[in-house]
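Residue-level structural notes
Here is how the chains run, residue by residue.
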Amino acid sequence: MKKFAATITALLTASLCLGLSGCGMQNTQNRTPASDAQSSATSTSSNQTQDSTASPSSSERAQSSTASPSSSERTQNPTASPSSSEQPQSSASTTPTTLSTPPMDMAFYSTDPHEVKKKLKTYPNKVIMSVDQAVKQKILLHSFLVDTQEMRKIWEDFVARVHKCQKEHLKYQQSLLVVTYTDEGDAIYAYVYNHNGTLFVYEDGSRDEYGDRASYYFQTDKITRKKYTSQERVFDKYKIGTGDDSWRLIWELTDDGK
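Residues numbered from 1 in each chain as written. Predicted model: local features only at pLDDT ≥ 70, side-chain atom pairs only at ≥ 80, totals over all residues. Heavy atoms only, no water.

**A word on helix 7 (residues 149–168)**
Here helix 7 spans 28 Å end to end across 20 residues, near enough to the 28 Å set by a 1.5 Å rise per residue. Within the sequence span of helix 7, burial applies to Met151, Arg152, Ile154, Trp155, Phe158, Val159, Arg161, Val162 and Cys165. One or two residues past the end of helix 7 sits histidine 169, with phi positive at roughly 55 degrees. (Helix = DSSP H or I, 4+ residues; strand = E, 2+ residues; numbered from the N terminus. Expected span 1.5 Å × (residues − 1). Buried < 20%, exposed > 50% of the residue type's maximum accessible area, 1.4 Å probe, protein only.)

**Looking at the confidence of the model for the protein**
Regions with low pLDDT carry predicted coordinates that are not meant to be interpreted in detail. Mean pLDDT over the protein: 74, with 61% of residues reaching 70 or higher. Predicted confidence in the protein is weakest over helix 4 (residues 71–76), with a mean pLDDT of 38, and strongest over strand 6 (residues 198–204), with 97. Note that pLDDT drops below 50 for residues 16–92; the model gives that stretch six contacts with residues more than four away or on any other chain. (pLDDT = per-residue confidence, 0-100. Contact = heavy atoms within 4.5 Å.)

**Notes on the sheet that holds strand 8 (residues 223–230)**
Pairing is antiparallel in the open sheet, where three strands are placed in the order 8-9-10. Of all strands in the sheet, those bounded by a partner on one side alone are strand 8 and strand 10 (245–252). Neighbouring strand axes in the sheet, compared pairwise and without regard to direction, differ in orientation by 20 degrees on average. Each of strand 8, strand 9 (233–242) and strand 10 is contacted by helix 7, which is oriented at about 135 degrees to strand 10, the strand it contacts most. (Pairing = 2+ DSSP bridges. Axes fitted to C-alpha atoms, helices over the stretch in contact; angles between N-to-C directions.)

**Some thoughts on the environment of lysine 117**
Within the element layout of this structure, lysine 117 appears in helix 5 (residues 113–120). Given the relative accessible area of 42%, lysine 117 is considered partly exposed. A sequence separation of 86 residues divides lysine 117 from glutamate 203, and the C-alpha atoms of the two residues are 9.0 Å apart.

**Re the pattern of salt bridges**
Counted under the stated rule, the structure contains six salt bridges. One salt bridge in this structure joins arginine 152 and glutamate 156, with 2.9 Å as the shortest N-O distance. Of the two residues, arginine 152 and glutamate 156 both sit in helix 7, four residues apart, roughly one turn of that helix. What makes arginine 152 buried here is its relative accessible area of 5%. Residue glutamate 168 is joined to lysine 164 by a salt bridge in which the shortest nitrogen-to-oxygen separation is 2.8 Å. Placement of the pair is glutamate 168 and lysine 164 together in helix 7, with a separation of four residues, close to one helical turn. (Salt bridge = Lys/Arg side-chain N within 4 Å of Asp/Glu carboxyl O.)

**Things to note about the side chain of aspartate 208**
Structurally, aspartate 208 is set in the loop between strand 6 and strand 7 (215–220). The side chain of aspartate 208 is buried and forms no salt bridge, while arginine 213, the nearest opposite charge, is found at 7.2 Å. Beyond its immediate stretch of four places on either side in the chain, aspartate 208 contacts Thr182, Asp186, Ile188 and Arg213. (Lys, Arg positive; Asp, Glu negative; His and termini not counted.)

**A closer look at the packing of aromatic side chains**
Enumeration according to the criterion identifies eleven aromatic pairs in this entry. Ring geometry for phenylalanine 108 and tyrosine 191: centres 5.7 Å apart, planes at 65 degrees, overall edge-to-face. Placement of the pair is phenylalanine 108 in the loop between strand 1 (95–96) and helix 5 and tyrosine 191 in strand 5 (residues 187–195), with a sequence separation of 83 residues. A relative accessible area of 18% places phenylalanine 108 in the buried class. Since its relative accessible area comes to 0%, tyrosine 191 is described here as buried. (Phe/Tyr/Trp six-rings, centres within 6.5 Å; stacked < 30°, edge-to-face > 60°.)

**Regarding the sheet that holds strand 2 (residues 140–141)**
Spatially, 2-4-5-6-7 is the arrangement adopted by the five strands of the open sheet, whose pairing is mixed. Among the strands making up the open sheet, the edge pair consists of strand 2 and strand 7. Inspection of the sheet shows strand 2 paired to strand 4 (residues 173–181) by two bridges, in the parallel sense. Each residue of the ladder has a partner; that of leucine 141, found in strand 4, is valine 179.

**Here we look at the environment of tyrosine 109**
Relative to the assigned elements, tyrosine 109 resides in the loop between strand 1 and helix 5. Sequence spacing of tyrosine 109 and valine 192 is 83 residues, and the spatial spacing of their C-alpha atoms is 9.6 Å. Those residues in contact with tyrosine 109, other than ones at most four positions away along the chain, are Gln173, Gln174, Ser175, Tyr191 and Tyr193.

**So, unusual backbone geometry**
Its identity as a non-glycine residue notwithstanding, glutamine 231 has a phi of 55 degrees, on the positive side. Within the secondary structure, glutamine 231 sits in the loop between strand 8 and strand 9. Residue glutamine 231 is classed as exposed on the basis of its relative accessible area, which comes to 71%. A positive phi angle is found at glutamate 232, which is not glycine, with a value near 60 degrees.

Written out as structure tokens, the structure reads:
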């Protein structure tokens, strides 16, 4: 009987263990593939989130390396446009002009002889104009046939401004177109340009039918004045330049030498 009872007890114990093990297996089998995938995705997403906060992705690194620099970085960039303080400055010896408006200014400024020649070609050949006509066209008329005292004063003012620019190193420009006439009435034009005290002169003799029709151009900072008397008449002779590179303009003064 004792053996029988022990056998019964062993069988009951085994059945109980098998029942409990079966329940455990049943719970394991009830987890479907979908739930496993969802669980795996949740775990993977969590891991990726942690990784993304740790270091940037390759695409993010590429965008960061090609991003536009900030304003401070552009300023420091040596290839960027220079600031106003870095722009080339004018010579320290040149100061802004303090001169008043001149009585006459052709208002054509060029040191290119080809441009000057083209400009002078637009003026008439043989028309001897009056002082009033010359003033209206901003032309300095030089002639011994008419009273050109007004013209001479304009010229003297021009010369005074040249000297002032040279003495005070002023930044200033003014141009005059001077016309003289040959005995045959051919016009000879001279373009005289004051640029900060430096003179550019272009004389156009192409209209002189009985001359060599020569034209010449030069640059100088030298201008002189000499008074002389001839046949009881007093003259002022202005000379711009030196040697062959020079141009002369002679004015007859009044009886009192002024």
